Amino acid sequence: MTDNDIKQQVREFYDQVGWSQVAEGVYQNARYEDLRPVAREYIHKCHLRILRHIPASGRYLLDAGSGPIQYPEYLEYSKGYQKRVCADISITALKEARGRIGEHGLFVVADIARLPFKDAAFDGLVTLHTIHHLPPEDHVPAYRGLHRVLAAGGRGAVVNGWDQPLMGRLLEAPIRLRKWLRRKKREQEGEDLPRKLAENTGTHVEKYNAGWLLRQLRPHMKVRILVWRSVSVAVLRLYVQSALGGRLLLKILFWLEERLPGFFGRVGQYPLVVIEK
Ligand SMILES: C[S@@+](CC[C@H](N)C(=O)[O-])C[C@H]1O[C@@H](n2cnc3c(N)ncnc32)[C@H](O)[C@@H]1O
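The sections below set out a description of the structure shown in this document.

Reading the values: rules and limits
- Residues numbered from 1 in each chain as written.
- Predicted model: local features only at pLDDT ≥ 70, side-chain atom pairs only at ≥ 80, totals over all residues.
- Heavy atoms only, no water.
- Helix = DSSP H or I, 4+ residues; strand = E, 2+ residues; numbered from the N terminus.
- Expected span 1.5 Å × (residues − 1).
- Near = heavy atom within 4 Å.
- Polar contact = N/O pair within 3.5 Å; in protein donor to acceptor, adjacent residues only side chain to side chain.
- Areas by Shrake-Rupley, 256 points an atom, 1.4 Å probe, with all protein chains shown as cover.
- Nonpolar A, V, L, I, M, F, W, Y, C, P; charged D, E, K, R; others polar.
- Buried < 20%, exposed > 50% of the residue type's maximum accessible area, 1.4 Å probe, protein only.
- Arc of directions from axis to C-beta.
- Contact = heavy atoms within 4.5 Å.
- Salt bridge = Lys/Arg side-chain N within 4 Å of Asp/Glu carboxyl O.
- Pairing = 2+ DSSP bridges.
- 1 Å grid on protein atoms, 1.4 Å probe; cavity = no way out; pocket = protein on both sides within 12 Å on 5 of 7 lines; lining within 4 Å.
- Points joined across faces, edges and corners; volume = space filled by probe spheres on them.
- Phe/Tyr/Trp six-rings, centres within 6.5 Å; stacked < 30°, edge-to-face > 60°.

Along its 16 residues, helix α6 (residues 173-188) runs 23 Å from first to last C-alpha, staying within 8% of the 22 Å computed at 1.5 Å per residue. Just downstream of α6, Gly190 is the residue with a positive phi angle, here 80 degrees.

The next point concerns the site of the ligand. Close contacts around the ligand come from 20 residues, with Gly65, Tyr74, Asp88, Ile112 and Leu128 the closest. Between Asp111 and the ligand, the recorded distance is 2.9 Å, taken from a side-chain N or O atom to a nitrogen atom. About the coverage of the ligand: the protein hides 97% of its 590 Å² of free accessible area. Of the residues contributing to the shell around the ligand, the split by class is 9 nonpolar, 9 polar and 2 charged.

Moving on: helix α8 (residues 210-217). For an α-helix, the turn length of 3.6 residues means that residues three or four places apart are oriented alike. Of the positions making up α8, those classed as buried are Ala210, Leu213, Leu214 and Leu217. All buried residues of α8 fall inside an arc of 95 degrees around its axis, so they share one side. Against the buried residues of α8 lie α4 (139-149), β8 (222-229), α11 (261-267) and β9 (270-276). For α8, the side-chain oxygen to backbone nitrogen distance between the N-cap and Gly211 is 3.3 Å, and the N-cap itself is Asn209.

Now for unusual backbone geometry. One non-glycine residue, His129, lies in positive phi territory at about 55 degrees. Locating His129 in the fold gives a position in the loop between β6 (122-128) and α4. With phi around 45 degrees, Gln164 is a residue other than glycine that occupies positive phi space. Along the polypeptide, Gln164 turns up in the loop between β7 (150-159) and α5 (166-171).

Let's shift gears to the pattern of salt bridges. Counted under the stated rule, the structure contains 18 salt bridges. The shortest N-O distance in the salt bridge between Lys251 and Glu41 comes to 3.2 Å. Residue Lys251 is located in helix α10 (residues 246-259), and its partner Glu41 is located in helix α2 (residues 37-48); the two are separated by 210 residues in the primary sequence. Residue class for Lys251 comes out partly exposed when judged on its relative accessible area of 41%. The shortest N-O distance in the salt bridge between Asp119 and Arg148 comes to 2.8 Å. A residue pair is termed long-range when its members are at least 10 positions apart, and Asp119 in the loop between β5 (105-109) and β6 and Arg148 in helix α4 qualify at 29 residues.

In terms of strand pairing, strand β4 (residues 80-88) meets β5 through 5 bridges, oriented parallel. Bridge pairing in β5 links Asp88 to Val109.

Here the structure, examined in full by the defined rule, presents 1 cavity of 30 Å³ or more. One number sums up the size of the largest cavity: a volume of about 50 Å³. Val38, Glu41, Tyr42, Lys45, Arg247, Leu250 and Lys251 together form the lining of the largest cavity. Those elements that place two or more of their residues in the lining of the largest cavity are α2 and α10. Considering every element that reaches the lining of the largest cavity, the biggest residue donor is α2, with 4 residues. Its residues placed into classes, the lining of the largest cavity shows 3 nonpolar, no polar and 4 charged.

What follows deals with the packing of aromatic side chains. Throughout the structure, instances matching the rule amount to 12 aromatic pairs. Seen in terms of ring centroids, Phe13 and Tyr14 are 5.1 Å apart; in terms of plane orientation they differ by 85 degrees. Their pairing is edge-to-face. The exposure class of Phe13 is buried, given its relative accessible area of 12%. By relative accessible area, which is 12% here, Tyr14 ends up buried. When the centroid spacing of 6.3 Å and the interplanar angle of 65 degrees are considered together, the rings of Tyr60 and Phe122 count as edge-to-face. In this pair, Tyr60 sits in strand β3 (residues 57-64) while Phe122 sits in strand β6, placing the two residues 62 residues apart along the sequence. For Phe122, a relative accessible area of 2% corresponds to the buried category. One aromatic cluster is present, built from ring pairs that chain together Phe13, Tyr14, Trp19 and Tyr27.

Laid out in structure tokens, this is it:
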């Protein structure tokens, strides 16, 4: 598949599936989030971590790969800015975002790896769960483009998942075993659906690890890896149950993440990559 095919496939996925509403105000994409009450406080506090790493106010905040600005916490990021510039390859995403923030927003159909903005145009930026949709050779150019459009003294927060981080490998072992057993059972029953189709996994995703990212970015920009959230949704759903002290478990996890943000940023599932100019 060419790079353009990948982007086309990602765009079609979000236009037709990811940003279709499956319930009032709930997008299909929210299946990748843990929306259970037991996890709500932890998820909420992780979302708000972004606020510590972008300037609180300014003229323009770039939201690259904004989607529809789907969670209420996301609105906080641009509260102190004159305008939030939402850039996305999905027109459906941008229409939904406009419905949410109206005049506070500017909406641009754009590829995050080729940002159509002049140098130093933004005081702050966020890009959440988007770079992983790019073809591999576009990842570093995307970071460099984001850095290019930051103003001097500006900061940006990038959130993406790591490829098989240590915590995921350990904590998801029972999930992998369960999947393997299910696959075996399907094979025995003679089902020959391709695995991807059977599991309905969405669209193109490409991930890497902390060492690789730092080696690529450090020659070009000031960059730090901190924690956004150290556990995946699969891990939350498996281990965090309200009847088994789930809320307390997550309070302890959050407390630990706050004490060791660099450690959990590297070994946990989702880093918060801070870029500065
Ligand atoms: C997983 S969603 C995340 C949306 C939002 N940031 C959030 O956290 O809810 C990924 C978004 O990135 C957009 N996207 C994917 N590839 C892109 C690209 N090359 N350039 C711009 N946006 C892209 C998709 O259309 C989608 O809206």
